[in-house]
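What follows is the residue order along each chain.
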Amino acid sequence: MSMVLSTVGTVASGALSGAGGEMGRRTSERLYGLLSRARTVDEGAGTGSGGGEEQPTLPVTEQEQTAAALRLMEVARRSPEFAREVAEWAREASWLAPRAVPAVASGASRPQMLPPATAVFTDREDVIAWITALLDDADPIQGAPTIAALTGPGGIGKTAVAVQCAYALRERFPDGILFVDLAGASSGTALPPSDVLARFLERLGVPPAMVPGDEARQRDLFRDCTADRRMMVVLDNVHADAQVVPLLPASPGCLVLVTSRHRLGRLVAEHGARPLILRPLSTADSVLLLRRVAGSERAAAPDAVVQAVAEATGGVPLALCTMGAGLAVREHLAWERVARQLSERIHGQGQGGDAMRSGSTDDAGGPVDPVRHAQDASYSELTPECAAFYRAIAGWAWPTVTVMCAAHAAGVGEDQARELLEQLARVHLLEEVGEERYRFHDLARAHARELAVAEDGHGRMSAGVRRVAVAHLRCAAEADFRVMPLRWRLGPAYRALVLPEDRDPADGKRALAELRRERENLAAVIRAADHHGFDDLVWQLCEAMWGLHLLLGFHAQWIDTHLLGVEAARRCAAEFGDRRAVGRMLVQLAFGYMGAGRADDAEEALAEAVGADEACGHHRGQASAVEALGLLRLKRWKYAEAQRCFEEAREILGRIRQGDDGWEDLPRATALLEHHIGRAQTKQRHFAEALARLNGALVRFRQLPDGGDAYNEGRVYMSLGEAHLDEGDTDLARVCLDKAVKAMERAGAGLQLADVFESRARCHRLSDRPAEAAEDLRTAAVHYEENGDRVGAERIRMGLAELEA
């Protein structure tokens, strides 16, 4: 019972989210068939209600899933044939359950995510010894990892210690190391666990399409992936316990290193974490670190002066590194001058003006912390141009500062931005974390932002944020256009975009990779634009991320950003903005809800979208919303309702006239709806009507400009093949699937091509052609492997082994 219940839940979740692709859809529809037959068997045996039960619908809630599993088990106990079918379905559906790729299967499942260690790391041997002792003395408890929590104030060196310890201990964890900066400086910047789990699961070898949309299933899969493995998980810069708990592996062979400025009481009380507070470095170690950072060229300084600088930093590594970096890159900057600057700031005698003095006391009226002393001293040595640049790029908590982001924030050219970023990195006011990608320590950003407020004012800062948002919108829209060039879209950012005639077939994948690389920055830009009231940019940025989210998920971020997009679009509509944007945002939000398994929320959002588009007379948007409602009902096995939605959408499209929004997209939109209607009719077993609709859709796709739409032509051929198989005509099914292969080859759709070969193998098996079936399965496995779906390849090979046994 428990296995069947779990499988029903997996299939239902995958049906809504789209996880598992075509195989997931077929498995869901097969469950529909089993439940329909179970009702028929019950009625034949006289055990049904006799009240003309409605056709089953997708079991979404826990109660519905339990009822469905019970129905299957009850009928299976009375019918051996039905029991065999349920067992076969459950075995096939088990591949839908997101799973880890075994460590032996691929190097990609042994992640090594640690950032580089610092070459000037000093002291802290006691911390490494303490963690080693924790591991050596650990009393293994089933499912409980060893957890070490390093806490201390900002700048004390928690990240550097955690990374150094991880490198020192990595030989003890042969299955890999996961690392993430949880951005816990504040609740507003802290990463949600779902975002981190998606990142970890991919590095553990789970194909993106198999990553669940909801956090609970992501957490369960993560624990499956890390079970019985010896891994280290480094969770840096934690804001609260709630960020950590979903990221804990359930294996006693794992070590979790946590760093935070806050006490993590729940982690200690409920999960057995062992806390350690990091203290400042001793004077001797402070001097050693300072000299290491400053370099051998500055080694001639008198010990007393170096010691004075070290003591002024309070033994805080960030302050020591900031001062040492300034000395390293300014050969004429004297140690004595640095010591004097620090002394003046400590005693309130600096020359930093009002801005410096306003930050020279803490909330209790005491002296500023040593990190602030060091930052003030380094800032005073910047050129006016570099100082203005430092302030400008701190206008928002960007996850990373790219050259493009910095250039637009400061209003300078990219070459100049590149040079100024490097200057700031050399004096340790920025950290370089990738190629032309930088990050503030949050204390440095707070310092720069306070100076920006005092010296530049909120108006100039807001203008910088708008420039950054516009630049990101321009780049995101261009990339999104390359990812999905045929979809209809809203917003002026797309107006002048065209694809080159000699476009590389792999360009779309590159564009998707670009969007993925900037995903966190784009989400931050949306939040920044929303904070500053740039509503026109908020919803357009959401529109530009549609292709990214539709293809790759990241549902928690998708929902969060599009909730902002909906409200921004509503405010724009109330102020003479584009009223069409409201419905567009609601439709995209609904797809995010579907991916997260929130079917009722998706229904509500789509109903609102239909009303919003109807109210503003936007026929293309209204048709799209009604179509999406039909797709949701198709997923939920409400086939007759889905067909009515598609037919209504078709009727709404018929109201579009030449020159109206959506006119150019009308042929493709109509072809898609014809395909949807044919699919809905197939599932209702109205085969004659379905085949007519599907053949009509095929003609429409072939007639599209620029040689037609090979990908959707292939999809229709696949639907025709399924319709013929459901009708029992394997010969015609094979003819259609042969043509689907050719269409997908023309489209260069590798994963879909693998699925076609898999479908054709099923057709061969039903026609008693085992050799042809085996050949198609081998070809499908190759395509899955080539396109990064190792789980799909493994599943096919298992099926091939059974066929050849």
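Residues numbered from 1 in each chain as written. Predicted model: local features only at pLDDT ≥ 70, side-chain atom pairs only at ≥ 80, totals over all residues. Heavy atoms only, no water.

**Observations regarding the overall build of the protein**
Secondary structure summary: the protein contains 37 helices and eight strands in total. Taking 28 Å as the expected radius of gyration for a compact globule of 805 residues, we find that the protein reaches 30 Å, a close match to that expectation. Residues counted as buried form 54% of the 805 residues belonging to the protein. Contacts spanning at least 24 positions in sequence make up 70% of the contacts within the protein whose residues lie at least 6 apart. Within the structure as shown, the protein displays about 34,400 Å² of accessible surface, and the carbon and sulfur contribution to it stands at 50%. (Helix = DSSP H or I, 4+ residues; strand = E, 2+ residues; numbered from the N terminus. Rg over C-alpha atoms; globule rule 2.2 N^0.38 Å. Buried < 20%, exposed > 50% of the residue type's maximum accessible area, 1.4 Å probe, protein only. Contact = heavy atoms within 4.5 Å. Areas by Shrake-Rupley, 256 points an atom, 1.4 Å probe, with all protein chains shown as cover.)

**Some remarks on the sheet that holds strand β8 (residues 437–439)**
Each strand in a sheet pairs with another by means of backbone hydrogen bonds, the pair being arranged parallel or else antiparallel. On the basis of which strands lie adjacent, the open sheet formed by three strands has the order β6-β8-β7 and antiparallel pairing. Every interior strand has two partners, whereas the edge strands, β6 (401–402) and β7 (431–434), have only one. The sheet contacts of helix α19 (residues 414–426) involve β6, β7 and β8, and relative to β8 the element is tilted by about 45°. (Pairing = 2+ DSSP bridges. Axes fitted to C-alpha atoms, helices over the stretch in contact; angles between N-to-C directions.)

**Quick notes on the nonpolar core**
Within soluble globular proteins, side chains that are nonpolar generally end up buried alongside one another. Among the nonpolar cores identified, the biggest contains 191 residues, and L72, L235, V258 and Y390 are the most heavily contacted of them. Apart from residues lying up to four places away in sequence, L235 is in contact with V180, L182, F200, V244, L247, V256, L257, V258 and T259. By size, the runner-up hydrophobic cluster in this structure holds 32 residues, among which are L672, Y717, A773 and L800. (Core = buried A, V, L, I, M, F, W, Y, C linked by side-chain atoms within 4.5 Å.)

**Details of the packing of aromatic side chains**
Tallying each qualifying case throughout the model produces seven aromatic pairs. With a centroid separation of 5.9 Å and an interplanar angle of 75°, the aromatic rings of W546 and W558 are classed as edge-to-face. Of this pair, W546 sits in helix α25 (residues 546–552) while W558 is found in helix α26 (residues 555–574), placing the two residues twelve residues apart along the sequence. The class for W558 is buried, based on a relative accessible area of 3%. Their ring planes at 75° and their centres at 5.4 Å tell us that W546 and F591 sit as a pair that is edge-to-face. Taken together, the residues W546 in helix α25 and F591 in helix α27 (residues 580–595) connect sequence positions 45 residues apart. (Phe/Tyr/Trp six-rings, centres within 6.5 Å; stacked < 30°, edge-to-face > 60°.)

**So, the pairing of strand β2 (residues 177–181)**
Counting buried positions over the five residues of β2 gives four, a clear majority of the element. Looking at chain direction, β2 and strand β3 (residues 232–238) are connected through five bridges and run parallel. Considered in β3, the bridge of I177 is made with M232.

**Re the side chain of S36**
Secondary-structure assignment places S36 in helix α2 (residues 21–44). Overall, the relative accessible area of 12% leaves S36 in the buried class. Looking at S36, its side chain comes within polar contact range of the side chain of Q55, at 3.3 Å. The residues contacting S36, other than those within four sequence positions of it, are Q55 and P56. (Polar contact = N/O pair within 3.5 Å; in protein donor to acceptor, adjacent residues only side chain to side chain.)

**Some points on the packing of helix α36 (residues 770–786) against helix α37 (residues 790–804)**
Direction vectors running N to C along α36 and α37 enclose 160°, while the axes themselves pass 8 Å from each other. Overall, the two elements α36 and α37 adopt an arrangement that is roughly antiparallel. Crossing of α36 against α37: the hand is left-handed. Mapping the contact onto sequence places P770, A773, A774, L777, R778, A780, A781, Y784 and E785 in α36 and R790, G792, A793, R795, I796, R797, G799, L800, L803 and E804 in α37. In the contact of α36 with α37, the residues fall into eleven nonpolar, two polar and six charged. (Parallel < 35°, antiparallel > 145°, perpendicular 65-115°, else oblique. Left-handed = near helix turned anticlockwise from the far one by under 90°. Nonpolar A, V, L, I, M, F, W, Y, C, P; charged D, E, K, R; others polar.)

**Remarks on the sheet that holds strand β5 (residues 274–277)**
If you walk across this open sheet you meet the five strands as β2-β3-β4-β1-β5, and the pairing is parallel. Of all strands in the sheet, those with a lone pairing partner are β2 and β5, marking the two edges. Between one strand axis and the next, the sheet turns by 15° as a mean value, whatever way the strands run. The sheet contacts of helix α7 (residues 193–203) involve β2 and β3, and relative to β2 the element is tilted by about 150°.

**Considering the pattern of salt bridges**
Counted under the stated rule, the structure contains 67 salt bridges. E722 is the partner of R25 in a salt bridge, and the nearest nitrogen-oxygen pair spans 2.5 Å. Of this pair, R25 sits in helix α2 while E722 sits in helix α33 (residues 710–727), and the two are 697 residues apart along the sequence. Judged by relative accessible area, which is 15%, E722 ranks as buried. Residues joined in a network through salt bridges with shared partners are E22, R25, E29, K683, R715, E722 and D726. (Salt bridge = Lys/Arg side-chain N within 4 Å of Asp/Glu carboxyl O.)

**Focus: the environment of Y390**
With respect to the helices and strands, Y390 occurs in helix α17 (residues 384–392). With 159 residues separating them along the chain, Y390 and H549 place their C-alpha atoms 33 Å apart. Beyond its immediate chain neighbours, meaning those up to four positions away, Y390 contacts Y379, L382, L424, L429, F440, A444, H447, A448 and L451. From its side chain, Y390 meets the backbone oxygen of A444 in a polar contact 3.3 Å long. A polar contact is formed between the side chain of Y390 and the side chain of H447, at a distance of 2.8 Å.

**Quick word on the environment of L563**
Its location among the elements puts L563 in helix α26. Judged by its relative accessible area of 37%, L563 is partly exposed. On a C-alpha basis, the gap between L563 and A773 in space is 47 Å, while along the polypeptide they are 210 residues apart. Apart from the residues within four sequence positions on either side, L563 is in contact with L589 and Y593.

**A word on helix α31 (residues 666–683)**
In an α-helix, one turn spans 3.6 residues, which is why side chains three or four residues apart end up on the same side. Taking 1.5 Å per residue as the helical rise, α31 with its 18 residues ought to reach 26 Å, and the 26 Å between its terminal C-alpha atoms agrees with that figure. Most of α31 sits out of view: 16 of its 18 residues are buried. (Expected span 1.5 Å × (residues − 1).)

**A closer look at the packing of α33 against helix α35 (residues 750–766)**
Axis separation between α33 and α35 bottoms out at 11 Å; the angle between their running directions is 20°. By the criterion of interaxial angle, the relationship of α33 to α35 is roughly parallel. Crossing geometry of α33 relative to α35 is assigned as left-handed. Touching Y711, M718 and L725 of α33 are Q752, D755, V756, R762, C763 and L766, all from α35. In terms of residue class, the contact of α33 with α35 is made up of six nonpolar, one polar and two charged.

**As for the environment of V11**
Along the chain, the position of V11 falls in helix α1 (residues 2–17). For V11 and G24, which are 13 residues apart along the polypeptide, the C-alpha to C-alpha distance reads 7.0 Å. In this view, V11 contacts T27, S28, L31, W89, A93 and L96; residues no more than four positions away in its chain are not counted.

**Observations regarding unusual backbone geometry**
Unusually for a residue other than glycine, D228 sits at a positive phi of about 60°. The topology assignment puts D228 in the loop between α8 (215–226) and β3. We classify D228 as exposed; its relative accessible area is 75%. One non-glycine residue, H428, adopts positive backbone phi at about 70°. Tracing the sequence through the fold places H428 in the loop between α19 and β7.

**Some words on the pairing of β3**
Of all seven residues in β3, seven are buried; the element is thus mostly enclosed. Across five bridges, β3 lies against strand β4 (residues 255–260) in parallel orientation. Paired with V238 across the strands is S260, a residue of β4.

**With respect to helix α3 (residues 62–78)**
Over its 17 residues, α3 extends 25 Å from the first C-alpha to the last, a length consistent with the 24 Å expected when each residue adds 1.5 Å. Those residues of α3 that sit buried are Q65, A68, A69, L72, V75 and A76. One side of α3 carries all its buried residues, which in axial view fall inside an arc of 135°. The exposed set on the far side of α3, more than 90 degrees from its buried face, consists of Q63 and R77. (Arc of directions from axis to C-beta.)

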